[in-house]
Each structure stands twice: as structure tokens, then as C-alpha cells.
Amino acid sequence: MTWDFFDVIVVGGGHAGAEASAAAARLGAKTLLITQSIEAICQMSCNPAMGGVAKGQIVREIDALGGFSGIVSDRSMIQFRMLNLSKGPAMWSPRAQCDKMQFSLHWRQVLENTPNLSIWQDEVVSVHVSGGTVSRVGTRLGLDIPAKAVILTSGTFLNGTIFIGDKSWSGGRIGEKAAIGLSNQLCDDLGFEVARLKTGTPVRIDGRSIDFSRLDVQAGDEHPQKFSFTDTAPLHYQRPCFLAYTNEQTHDILRTGFDRSPLYTGRIQGHGPRYCPSIEDKIVRFAGKDRHQLFVEPEGWNTASYYLNGFSSSLPLEVQLDALHSISGFEQAQIFKPGYAIEYDYFPPTQLNYTLETKRVENLYFAGQINGTTGYEEAACQGLMAGINAVLKIKGMPSFVLNRTQAYIGVLIDDLVTKGVDEPYRMFTSRAEYRLLLRQDNADVRLTPLSHAIGLADDGRMKRVGEKVHYTSQLSSFFQESSVSPAQANPVLQLLQSPPLQQRVKLLNLLLRPEIAISTLYDVSEELSEAVNAIPAQVRSEVVNSVEVALKYQRYIEKEQEVANRILKFETVPLPDDFDYYSLQSLSYESREKLTKMRPRTIGQASRISGVSPADISVLLVFLQQMKNASFHEERSI
């Protein structure tokens, strides 16, 4: 049995698959999303939250490019917090607690209302190639579906195995079957390298059995913001989260299960996430700590289910329960679902181009956990980029690649493709060299014009960015041109315990004081209040925030931009696609081997490949200059 021809087939209905299929369809491609379960589209398998440190920046970048993760997060949000406000603006990271059922439902509504997009419940078991290019997929139901491009976003389902103590079984998530066959076919028939990784999740607790009076309340922000730059509605009511702590008794109980832990008996071979370890791994690594913080997070508006963030475990069920009951507030706790570990196949991402197209098979793309990443956010941005590039490739248009100075998304993909992974990859602000340029507040200004140029971000988004840029410039000029007298400013400065003025100064001089914010200057300058109120309401708060950051940190931003511009001179120096690195004996053997395998497009990308030293880069630059000189002299002689 065969189906009609599709431009793009997306395999997997998780966060990567949803963004990929929505982007491809909105760019005009006839798209098919194939998923094992339509009811589980964009399920929040682990913690019911979006964003966090660096991850929040990625969600805002997805939104700025025209993706839907930010919009869906806003529509299903039950609490919002801006993390790291005590630090500089490069570190500020939005995070939202979400209603996990509403999140999945809103994503399904988005997909079902996207023109050019069809959805089919089935399992892809094979990918077929003709002349080095992907041609079709085969499904468990026996369908043979042709396509111009295929995007694999299989999450943790490829040969997934679930572990709880000494029990294990095949599964992609608890209660859902694994995807069997596809991984082996990609490896055996198409020659891809495959490896194993591990992740895990904690128990889900019945909130009716928790004594919240013994926990610390963690409320949302007083004035909650949102992810999307569109006009999604902000929160007016929030559900609280809570903090709990393990203790020495908890740790002693957990240790009693080590002899049956799949982590310590060798039954799990794949590496787990270093930055989100299981609780048993945590008490081994940090043996000197007598307690660990846990986050008690509601899973929705109308459910009693709570997620115990920080208590991921694959220990035997009775050990998990005994340890849980030793935590203050959880003495009588009952659970809905046990914690478990899952081990699954992934394909080392050094096998990919920067478009996320595979090097082995043309028009075949990988996105999400199949590339060794963690997190909904990391998966979603890969899906978006793969969806965009698949359509651009089909249309014969230039690829869409973001570099490290443009976006966290660019940092993530560059890290994956040039460095690979040996544990699940998680984004952090520390991975970005230019994080002051890549703030969450300016994602739309950075990225929406790029997306609009390829037809994904619509005219409405571009108009909104234009308004924001216009009013940001206007308000910045106001601060640089307007001044205030001591009589105007000193009463407010006295309340703020800030040194009084002795003479008239520009408003900008006051704003540069650490204890001064724009909001505190409204009582100083009536003209400032009028200027702010003249900004359209839909962009007002964003403009004020952007102006405050831009003016307070102007010198740092300019310095970082100068560094970025200098680096970009080498970053964009192209390397020939067919260059024979083995012919350059001055390169180390490891460098020749790695460069031949990775085929970097530029000097910048080559410099980040593990095993390629600064000396090797110098050799390449000298050789490229020699090639340029030889070409010049050849042209002169002609």
C-alpha cells in the first residue's frame, strides 16, 4: 500500500517533531507528521516546565523565529519566574511551570489547524534511499510513503529500555512502547554510527498526601512576564511551587538499594546527564552534603499530581518509597507513578551538517534527543531549524544557519556538530561566548528579521519588531537628551539612599547608578512618564526593559560586539568542501583525521573541533593565504 507524495515527512510527535512539522507546513511544504500516539503529542514526559537557565532564552528565540513553543507555554502556564535577576541581564532566564495536559492539548490544536499539515498515527520502521537521497519511509502498518525530505525526531523511543531496580522492559516512556527496528535499519543498511544514552524521571506524587505546611513556598513573580513576543495573555493567578530537602536518613535509605540499582550493577551502559543526575548518583558524587534541595512542582491547574524535581531515580520501587517517606512533609506520601530510568539509542551528531541534514543521506534530517540532547527546549529549536532547512533545500534556496554570535540556537547546533556529545547535552549560559548579546529580551530584534526574510515569521511579527526598535531608539534618545535638576531628583534619591545631585544632569547619568531603575525615575521626570505612556501598550514593557539594559550595560555590550566582530573575521573564512587534509603534513594526524571526518565549512567551525589545536588552525590559515596568493598570480598572468 502506498500514499500520496509528501514534500516533508516528520517522524515523531514530541517537541522537535511538532516544531519541525509546523515550520515546514507554514513554509508551504506538503507535510506529514507520523507519531505513535496522537494523544501524546508534545507530552511533557519529565518536568512540567518550559525554560530555565539558557533554556528560557532558547524558547524566546524559537518564538522570535516564528515557532510555537513560547505561545503554547504562555497558553498553558500556571506560574512564571524570571531566574537570576540578582545577576546581570545576560543571565536572566524566563521559566514557566505549565499545565502538562493543557500544553499537549494546545500543541495539538496548533498542529491540527496548520494548513499543509497532515497527521498520521503509526510507527516508522524504515527509511529508504535512492541515489544517496532519502526517498520514502516504511511504517509498522505496511505503508510505503514517498517524500522529498524526512526529519527524524524520535526522542527516547529508539530501542528504549525502562529500568526500575532489577526490573526492565522495552519502552519509550512508561506505559508506551519503544520504537523497534528503525535504529537498527539506519545503522545496518545506511551505515550510521549509533550509541546509547540514559535519562530518568522521579516519582509523581498525589498532592493530597503531602503536608505542605512543612514545605517552603516558592511563589511566582509578582508581575509575571511571558515567553512569546506576540500578544498572548499574561498570567493573573499562579499556582505555587514548594521546596523540600533530603536528609541523612534519606541518603542512608537510598544506599540500601545500590546493589539492585541498574546504574551500579552495569545494566545501564549509556551515560546520563551530568547536570541533572539521579538522586542516587547525586549522593555518591556529593558525598559530603547532608541534604539536597528538591522542587515540588504541580503538574497542572486541576490535578493533584506533583513532580518532585531533583529526585529522579531508577532504584527499586520500595527503596524509592522508603526514601520519599523520610523527607519532611512526605511521611504519608502516596504516588501515582514510580521513578524510572530509560536507556535509548542516539546518533552522534558529528554525522550532521549545520542544517541538521545528515552527511550520509541527502535530505534526511535528525533533530532532538536522537542527536544526544536533553530538554524540551533543545529539542524544539532543533526541530524548528530542521523543518526550515528541509523546505529551503527542497526549494533550492540557501540554507538557514545561525552562528554563535546570533543565537543560543547557533551555539547549540555548533556544539553538537563540531564537538559531538558523550553525555546528554544541556544548554547553559556559560556555553555562549557572547551571552550579553544573546539576551532573552532582544531575541526578536536579533532573529525575527532573519525568519521574516525566508517567509516564516509573518508581517505582523515584523511590524511589531519595527515598532519595538523605533520606540527603543526614541526612548534611548530621550534619556541622553533630557536633564533634571537637583530639586526634581533629590527627594527621590534621598528615599533610595542615593547621593544627591549638586547640579543639573542628564537622565542617563541617573539611570547609570546601580540602585536606579527607569520605574524609579517617573517621579523625577514627568516628561519621562509621558514619553513611556506614549509607547503602544503591546510593546511598552519590552521597550522599557530593553532601554534599561542597553543603556546600563552599553559599554560592556559594545566591547563584546567588538570581540564578536573580530572573531567573525576568521569565523567566516571558508574551507573547501573537497579539501584533502591528509595532504597537509604540517597538521597533526588527529587534526587531519578529525577535519576529514567533520568537513567544517569555515575556519571558525574547524577551531572548535576537539583535537584541532590553535597551531593546526594557523597552518590552515597560512595554506588558505597561499591558495589565495596563487590564485591572484594566476589571474594576473592570464
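The preceding data block contains the structure.
Residues numbered from 1 in each chain as written. Predicted model: local features only at pLDDT ≥ 70, side-chain atom pairs only at ≥ 80, totals over all residues. Heavy atoms only, no water.

## Focus on the pattern of salt bridges
All told, the structure shown has 34 salt bridges when counted by the stated rule. Between Arg404 and Asp415 there is a salt bridge whose closest N-O contact spans 2.8 Å. Of this pair, Arg404 sits in the loop between helix H9 (376–394) and helix H10 (408–419) while Asp415 sits in helix H10; the two residues are 11 residues apart in sequence, bridging distant segments of the chain. In this structure, Arg404 and Asp415 share a single accessibility class: buried. Through salt bridges that share partners, Arg404, Asp414, Asp415, Lys419, Glu433 and Arg608 make up one connected network. (Salt bridge = Lys/Arg side-chain N within 4 Å of Asp/Glu carboxyl O. Helix = DSSP H or I, 4+ residues; strand = E, 2+ residues; numbered from the N terminus. Buried < 20%, exposed > 50% of the residue type's maximum accessible area, 1.4 Å probe, protein only.)

## What to know about the sheet that holds strand S3 (residues 49–51)
With respect to topology, three strands assemble into an open sheet ordered S3-S5-S4, the strand pairing being antiparallel. A single partner strand is all that each edge strand has here, and the edge strands are S3 and strand S4 (77–83). Strand-to-strand twist of the sheet, defined as the mean angle between neighbouring strand axes without regard to direction, takes the value 20 degrees. Judged from the six bridges that link them, S4 and strand S5 (residues 93–98) form a sheet pairing that is antiparallel. Opposite Leu83, over in S5, you have Ser93 as the bridge partner. Contacting S3, S4 and S5, helix H3 (residues 69–76) crosses the sheet at an angle of about 115 degrees to S4. (Pairing = 2+ DSSP bridges. Axes fitted to C-alpha atoms, helices over the stretch in contact; angles between N-to-C directions. Contact = heavy atoms within 4.5 Å.)

## Quick look at the sheet that holds strand S12 (residues 195–201)
Strand order in the open sheet made by the four strands is S11-S10-S19-S12, with antiparallel pairing throughout. In this open sheet, the two strands that pair with only one neighbour each are strand S11 (167–170) and S12. Within the sheet, the average angular offset between the axes of one strand and its neighbour, ignoring direction, is 25 degrees. Note: strand S10 (residues 161–164) against strand S19 (residues 340–346), three bridges, orientation antiparallel. Residue pairing across strands places Thr161 opposite Glu343, the latter belonging to S19.

## Details of the layout of surface pockets
Estimates place the volume of the second largest pocket at around 1200 Å³. Contributing to the lining of the second largest pocket are 38 residues, with His223, Gln225, Ser541, Glu542 and Asn545 lying nearest its centre. Of all the secondary structure elements, the ones that give two or more residues to the lining of the second largest pocket are helix H12 (459–481) and helix H16 (537–552). By residue number, the principal contributor to the lining of the second largest pocket is H16, which donates 11 residues. Its residues placed into classes, the lining of the second largest pocket shows 14 nonpolar, 10 polar and 14 charged. (1 Å grid on protein atoms, 1.4 Å probe; cavity = no way out; pocket = protein on both sides within 12 Å on 5 of 7 lines; lining within 4 Å. Points joined across faces, edges and corners; volume = space filled by probe spheres on them. Nonpolar A, V, L, I, M, F, W, Y, C, P; charged D, E, K, R; others polar.)

## Some details on the packing of helix H2 (residues 55–65) against H9
Where H2 meets H9, the closest approach of the two axes is 9 Å, and the angle between their N-to-C directions is 25 degrees. What the angle tells us is that H2 and H9 run roughly parallel. For the pair H2 and H9, the sense of crossing is left-handed. Packed against H2, whose contacting residues are Lys55, Ile58, Val59, Ile62 and Leu65, the element H9 presents Glu377, Glu378, Ala380, Cys381, Leu384 and Met385 at the interface. By residue class, the composition of the contact of H2 with H9 is eight nonpolar, no polar and three charged. (Parallel < 35°, antiparallel > 145°, perpendicular 65-115°, else oblique. Left-handed = near helix turned anticlockwise from the far one by under 90°.)

## Considerations on empty space enclosed by the protein
Unoccupied space between atoms shows up once a probe the size of one water molecule is rolled over them. Counting across every chain of the model gives two cavities of 30 Å³ or more. What the largest cavity holds in volume is close to 50 Å³. Looking at the largest cavity, the residues that line it are Phe229, Thr230, Asp444, Thr448, Arg461, Arg464 and Val465. Contributing elements (two or more residues each) for the lining of the largest cavity: helix H11 (443–454) and H12. For the lining of the largest cavity, the leading source of residues is H12, giving three residues. Here the lining of the largest cavity is built from residues that sort into two nonpolar, two polar and three charged. Estimates place the volume of the second largest cavity at around 40 Å³. Every residue lining the second largest cavity is listed: Gln43, Met44, Ser45, Lys100, Arg173, Ile174, Glu176, Arg204, Lys337 and Tyr340.

## As for the nonpolar core
With 111 residues, the main nonpolar core has Ile9, Trp107 and Leu152 as its most contacted residues. Considering each element in turn, this core owes the most residues, 11 residues, to H9. Sequence-distant contacts of Trp107, defined by excluding residues within four places in its chain, comprise Ala18, Glu19, Ile41, Cys42, Phe68, Ser69 and Val72. (Core = buried A, V, L, I, M, F, W, Y, C linked by side-chain atoms within 4.5 Å.)

## Considerations on helix H1 (residues 15–26)
Between its terminal C-alpha atoms H1 stretches 17 Å, which fits the 16 Å expected from 12 residues at 1.5 Å a residue. For H1, every residue scored as buried is listed here: His15, Ala16, Gly17, Ala18, Glu19, Ala20, Ser21, Ala22, Ala23, Ala24 and Ala25. Gly28, located one to two residues past H1, shows a positive phi value of around 100 degrees. (Expected span 1.5 Å × (residues − 1).)

## A look at the packing of aromatic side chains
Inspection of the entire model under this criterion finds 13 aromatic pairs. Plain terms: the ring middles of Phe80 and Phe227 are 6.2 Å apart, the flat faces sit at 70 degrees to each other, and that makes the pair edge-to-face. Taken as a pair, Phe80 in strand S4 and Phe227 in the loop between strand S14 (216–218) and strand S15 (241–245) lie far apart in primary sequence, 147 residues in all. Since its relative accessible area comes to 0%, Phe80 is described here as buried. Measuring from ring centre to ring centre gives 6.4 Å for Tyr553 and Tyr556, while their planes differ by 50 degrees; the resulting arrangement is tilted. Given a relative accessible area of 26%, Tyr553 falls into the partly exposed group. One aromatic cluster is present, formed by Phe192, Phe347 and Phe366 through successive ring pairs. Looking at Lys30, its charged tip hangs above the ring of Phe6, at a distance of 5.1 Å from the centre. The ring of Tyr245 carries the charged tip of Arg291 above its face, separated from the ring centre by 3.8 Å. (Phe/Tyr/Trp six-rings, centres within 6.5 Å; stacked < 30°, edge-to-face > 60°. Lys NZ or Arg CZ within 6 Å of the ring centre and 35° of its normal.)

## As for the packing of H12 against helix H15 (residues 526–533)
H15 packs onto H12 with a crossing angle of 170 degrees between their chain directions and a minimal axis gap of 11 Å. Judged on the interaxial angle alone, H15 and H12 are roughly antiparallel. In this structure, H12 uses Leu475, Phe478 and Phe479 to contact H15, whose residues at the interface are Glu527, Leu528, Ala531 and Val532. Residues belonging to the contact of H12 with H15 are distributed by class as follows: six nonpolar, no polar and one charged.

## Digging into unusual backbone geometry
Positive phi values are uncommon outside glycine, yet Cys42 reaches one of about 50 degrees. Non-glycine residue Gln497 carries a positive phi angle of around 55 degrees. Along the chain, the position of Gln497 falls in the loop between helix H13 (486–495) and strand S22 (505–506).

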